[in-house]
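# Coordinate inspection notes
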Amino acid sequence: MGIAAYLILLPSVWLILLRLAPLWLLKINNALKPYTDFSLPFISVNVPLRYVLFVGWFHYHPRVLDAWGAKYIKAAREQFPKKDTVSSRACYIPIPVVLDGTTVPQLMNENLHSTFEKQRSCLVIGGEGGVGKTSLACRIAGWAMAEDEDQQLCKHLMLPVLLEEEFRVTEGKLPLLEAIRGQLQALIDEPEPICQELLLRLLRKKRILVIVDRFSEMNATTREAIEPESPEFPVNALVITSRIEEKLGRVNKTIIKPLRIEANKLSSFMEAYLMQRGKRDRFTDQEFFDACNRLSLMVGQNNITVLLAKLYAEQLIASREVASNISALPENIPNLMLGYINELNRDVTDNQFDDHTVHQIAKTIAWECLQQSYQPGTAKRGDAIVALADLGIDDPEAHLSYLEKRLHLIQTIGSAKDRIRFCLDPLAEYLAGWYLIELYGNNDGKWRSHFFKKADDLVKTGGQDAIKGLLLAVRDCYLSEVQNSKETDFVPQKLGKLAGFTPSVNTAATTVQTLIP
């Protein structure tokens, strides 16, 4: 009778808790964890007490994991949009994408159901800088924790964890798991880090969506930690953004490639963007179409990236807020970049640096961030300070702080807070392009012996896609800023050849190639 009660009553209690208060099962199991050596009668075997009481079998039941996610989903919905990367992309306009080879006019959550219904989900968002990879990843994160079940990626909620910094290597610990633990702790606003056993279960059962941004620009240590093909890889819901084609051990993966905005769709995009920003009514129809025509003249017949259109739209809005004329808008891409910085600087109300100084330090820091690999990366804060000091800048630390705290152009990263990078990769590429034009001008010999020597080596070793953004940005800057320059000049021809770019017959003086995420 006693054994029958034991075998029936205890499991029944846990089943009732599983139905009514599943998190209690997690708490009870955690409380019983220290009691690991309980001797069973009649057999000489030691078993953890929680399994003797049957509660151990319910420790990480799907209902328990769902209840854990439900407990923290409110905090996640509040904290995730506050991240700088996410908040800067809050205004999202849907664009066409290529999903596993098929063009989709507008990506919706239901397009990804088949991906996230699998036991292991791997999604790669690929494309050039500025095409909208990170914006789309943030959109997917929103679907993962959507309140409306019809808007979710799968049948259960997922908490999104955004990894955008290179992993810190700590002896005895897995860099990937430590990075996820740190970000998850901040996301759910908990004072204590989550235990590793629970974290692994959440990852295995796809209750956490891990997003690795800028994967192609990360160092070898970080890239090697992302191994979806390994049976020991704990992340079963993974999203990666990358500028290059990622093999990832040839695992099955869903590939999304956001498309550029077609030249004949510019006005539709601009209309939607201004409406979402609540600024469309500030322009008459004539003013709106004049602005769109100006952008069309700037880009010619080329399709353009989302960020370029957004930057132009933001400067259009700013022109109205300061009562300036639409004709004062930039006429080419390099000047559009500087105009964007000018608008940020205009918003500073006290102790403002002049635009020229801001341009000078921004160009210098951009090159510090790109010169090692010719792709957007990080620079040591100390090296950046030395570079500014070499320019004759007084108090370089204050100028770095101005770019970071007042203009939000750069951010400090790394566990030691000793590295910096630009928030927008293509902006860094164009600023670095300006820097190189001012350094080498139209001196073909300097270009050959300095810039092109390394660029040739990088392209030969298969790095064309990774450095294409910088090559085309430098080309645009050269054609825009070097007096009497032509596309047939050595420098723009060489840059185009290295980037695999063939200009159209009617290409304008400054051609739009790559732009901004």
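Remember, predicted model here, so these are calculated numbers, not experimental data. (Residues numbered from 1 in each chain as written. Predicted model: local features only at pLDDT ≥ 70, side-chain atom pairs only at ≥ 80, totals over all residues. Heavy atoms only, no water.)

### Digging into the sheet that holds strand S4 (residues 102-104)
The mixed open sheet is built from seven strands, whose spatial order is S4-S3-S9-S5-S8-S7-S6. For this open sheet the edge positions go to S4 and strand S6 (159-163), each flanked by a neighbour on one side alone. Mean inter-strand twist for the sheet, computed between neighbouring axes without regard to direction, equals 20°. Sheet analysis places strand S3 (residues 97-99) next to strand S9 (residues 254-258), joined by three bridges and oriented antiparallel. Bridging across to S9, Val97 finds its partner in Pro258. (Pairing = 2+ DSSP bridges. Helix = DSSP H or I, 4+ residues; strand = E, 2+ residues; numbered from the N terminus. Axes fitted to C-alpha atoms, helices over the stretch in contact; angles between N-to-C directions.)

### Structural notes on the nonpolar core
Core analysis: the largest hydrophobic core is formed by 84 residues, its most contacted members being Ile365, Leu409, Phe422, Trp447 and Phe451. Setting aside residues no more than four positions away along its own chain, Phe422 makes contact with Arg214, Ala362, Ile365, Ala366, Cys369, Leu409, Ile410, Ala428 and Leu431. Counting residues in hydrophobic clusters, the runner-up holds 76 residues, among them Val104, Ala141, Phe167 and Ile226. (Core = buried A, V, L, I, M, F, W, Y, C linked by side-chain atoms within 4.5 Å. Buried < 20%, exposed > 50% of the residue type's maximum accessible area, 1.4 Å probe, protein only. Contact = heavy atoms within 4.5 Å.)

### Details of the pairing of strand S5 (residues 121-126)
With six of its six residues buried, S5 lies for the most part within the structure. Where burial is concerned, the two faces of S5 agree: the one with Ser121, Leu123 and Ile125 and the one with Cys122, Val124 and Gly126 are both buried. With six bridges joining them, S5 and strand S8 (residues 237-242) adopt parallel strand pairing. In the strand pairing of S8, Ser121 is matched with Ala237.

### Examining a negative patch on the surface
On the surface, Glu110, Glu147, Asp148, Glu149 and Asp150 cluster together to form a negatively charged patch. The residue Glu110 is located in the loop between S4 and helix H6 (113-116) in this model. (Patch = residues over 30% accessible without salt bridge, like charges linked within 9 Å, V, L, I, M, F, W, Y side chains within 5 Å. Areas by Shrake-Rupley, 256 points an atom, 1.4 Å probe, with all protein chains shown as cover. Salt bridge = Lys/Arg side-chain N within 4 Å of Asp/Glu carboxyl O. Lys, Arg positive; Asp, Glu negative; His and termini not counted. Charge placed at Lys NZ, Arg CZ, Asp CG, Glu CD.)

### Re the environment of Asp84
Structurally, Asp84 can be placed in helix H5 (residues 84-87). Overall, the relative accessible area of 56% leaves Asp84 in the exposed class. Between the C-alpha atom of Asp84 and that of Cys423, which follows or precedes it by 339 residues, the distance is 8.8 Å.

### So, the pattern of salt bridges
With the rule as written, the count across this model stands at 22 salt bridges. Glu164 serves as the salt-bridge partner of Arg421, at 3.5 Å between the closest nitrogen and oxygen. Of this pair, Arg421 sits in strand S12 (residues 419-422) while Glu164 sits in the loop between S6 and helix H8 (175-188), and the two are 257 residues apart along the sequence. Accessibility classification places Arg421 together with Glu164 in one group, the buried group. Its salt-bridge partner being Lys265, residue Glu262 comes within 3.9 Å of it at the nearest N-O pair.

### Some points on helix H21 (residues 490-499)
Side chains that are three or four residues apart share a direction in an α-helix, a result of its 3.6 residues per turn. Buried residues of H21: Val491, Pro492, Leu495, Gly496, Leu498 and Ala499, and no others. Seen end-on, H21 carries its buried residues on one side only, within an arc spanning 165°. Each element contacted by the buried residues of H21 is listed here: helix H19 (444-460) and helix H20 (464-481). Note on H21: the residue one or two positions beyond its end, Gly500, has a positive phi of about 75°. (Arc of directions from axis to C-beta.)

### So, the packing of aromatic side chains
One pass over the structure, following the stated rule, counts 13 aromatic pairs. Ring geometry for Phe269 and Tyr273: centres 6.3 Å apart, planes at 15°, overall stacked. Taken together, the residues span about one helical turn, with Phe269 and Tyr273 both in helix H11 (residues 266-276) at a distance of four residues. Tyr273 shares its class with Phe269; the two are buried. Here the aromatic rings of Phe353 and Tyr402 are separated by 4.2 Å at their centres, their planes lie at 20°, and the arrangement is stacked. Separated by 49 residues along the polypeptide, Phe353 in the loop between helix H14 (333-346) and helix H15 (355-370) and Tyr402 in helix H17 (residues 396-406) bring together distant segments of the chain. Take Phe353: its relative accessible area is 21%, and that puts it in the partly exposed class. Given a relative accessible area of 3%, Tyr402 falls into the buried group. (Phe/Tyr/Trp six-rings, centres within 6.5 Å; stacked < 30°, edge-to-face > 60°.)

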